[in-house]
Amino acid sequence: MLNIVMFGAPGAGKGTQSELIEKRYNLIHLSTGDILRAEIKNGSELGKQVEAVISKGQLVSDELIIALLEQEISRHADANGFIFDGFPRTQVQAGALDEMLAKHGEKVSIMLALSVEENELIKRLLNRGATSGRADDNLETIRKRITVYNEQTAPVMKYYEQKGLLRAISNDTTVEECFAQVCKAIDAAKA
Ligand code: AMP
């Protein structure tokens, strides 16, 4: 299996690159943000629980998100591999991901950390907000999400760095240029 963790601040291009990777390498794309938004749209009990948290730009609980992801991994037991987009976002989640994969005799193959300069992140997210309909793509919540990323999520990079799995890729470029770097890193990890 090829298991890729997509890392980076909100607006760094994780979703866009994940979709391109999914097609090229035939992997299952698991976006925890998409899974949560689908729950909100369905009006499920879980959706109701997380809606306020997401619109404030905070993180939902580790317990809840780990359980959701575990369900998705089990559902795709026959996959070639996974792209984890937006997960892990905390140290606890990173440890849980290793445990979940180990249960299936698997591990993280590579972690791709996309970086974009902060003013550009805000610009891209505001642009996306004009069409995304996302409750969290407004200036106040964008700022909060970037702070949460810097404080709670960015430190998780160290965990992967220590395992030798971190590949840093600048996305202050075009989608195509970034994808070329992404493919290079993935192909090297596969070789
Ligand atoms: P995203 O689509 O990845 O930007 O996620 C949107 C929102 O969903 C985040 O701001 C969080 O509120 C929540 N969320 C998504 N993934 C996670 C996660 N792994 N842990 C905690 N909260 C998450």
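Please read all numbers here as calculations on a predicted model, not as lab measurements.

Quick look at the packing of helix H2 (residues 32-42) against helix H4 (residues 62-75)
Interhelical geometry of H2 versus H4 gives an angle of 100° and a closest axis separation of 11 Å. When the axes of H2 and H4 are compared, the pair comes out roughly perpendicular. Contacts from Thr32, Ile35 and Leu36 of H2 reach H4 at Leu64, Ile65, Leu68, Leu69 and Glu72.

Considering helix H6 (residues 118-132)
Between its terminal C-alpha atoms H6 stretches 20 Å, which fits the 21 Å expected from 15 residues at 1.5 Å a residue. The complete set of buried residues in H6 reads Leu121, Ile122 and Leu125. Across the axial projection of H6, the buried residues extend over an arc of 95°, all falling on one side. Turned more than 90 degrees off the buried face of H6, the exposed positions are Asn119, Lys123, Asn127, Ala130 and Thr131. Among the residues trailing H6, Gly133 stands out with phi positive, at a value near 70°.

A few points about the packing of aromatic side chains
By the definition in use, this model includes three aromatic pairs. A centroid spacing of 6.1 Å and a plane angle of 55° characterise the contact between Phe7 and Tyr149, whose relative ring orientation is tilted. Here Phe7 is found in strand S1 (residues 2-7), whereas its partner Tyr149 is found in helix H7 (residues 139-153), with 142 residues between them in sequence. We note that Phe7, like Tyr149, is buried.

Re the nonpolar core
If you look at the biggest cluster of nonpolar residues, it comprises 57 residues, and the most contacted ones within it are Ile21, Leu97, Leu112 and Tyr160. If we skip the residues at most four places from it in the chain, Leu97 touches Val5, Leu69, Ile73, Phe84, Phe87, Pro88, Val108 and Tyr160.

So, how was this worked out
Counting restarts for each chain, with residues numbered from 1 along the sequence as it is written. Residues qualify for local features only when their pLDDT is at least 70, as the model is predicted, and side-chain atom pairs are given and counted only at 80 or more; totals for whole chains, interfaces and linings, by contrast, use all residues. Hydrogens and water molecules were not included; the side-chain quantities draw on all heavy atoms of the structure. Only the stretch in contact is used when a helix axis is fitted, and all axes are lines through C-alpha atoms; the angle between N-to-C directions ranges over 0 to 180 degrees. Counting from the N terminus, the helices are DSSP H or I runs at least four residues long and the strands are E runs at least two residues long. Geometric relationships in this document are graded by angle, where less than 35 degrees denotes roughly parallel, more than 145 denotes roughly antiparallel, 65 to 115 denotes roughly perpendicular, and other angles denote oblique. Only heavy atoms matter for contacts: two residues are in contact if any of them lie within 4.5 Å across the pair. Multiply 1.5 Å by the residue count of a helix minus one, and that product is the helix's expected span. Whether a residue is buried, partly exposed or exposed follows from its accessible area with a 1.4 Å probe, protein chains only, as a fraction of its type maximum: under 20%, in between, or over 50%, in that order. Arc definition: it is the arc formed by the directions from the helix axis to the C-beta atoms. Each Phe, Tyr or Trp ring, with Trp reduced to its six-membered ring, pairs with another whose centre is within 6.5 Å; inter-plane angles below 30 degrees give stacked pairs, above 60 give edge-to-face pairs, and intermediate values give tilted ones. Among the buried residues, those of types Ala, Val, Leu, Ile, Met, Phe, Trp, Tyr and Cys that are joined through side-chain atoms within 4.5 Å form a nonpolar core.

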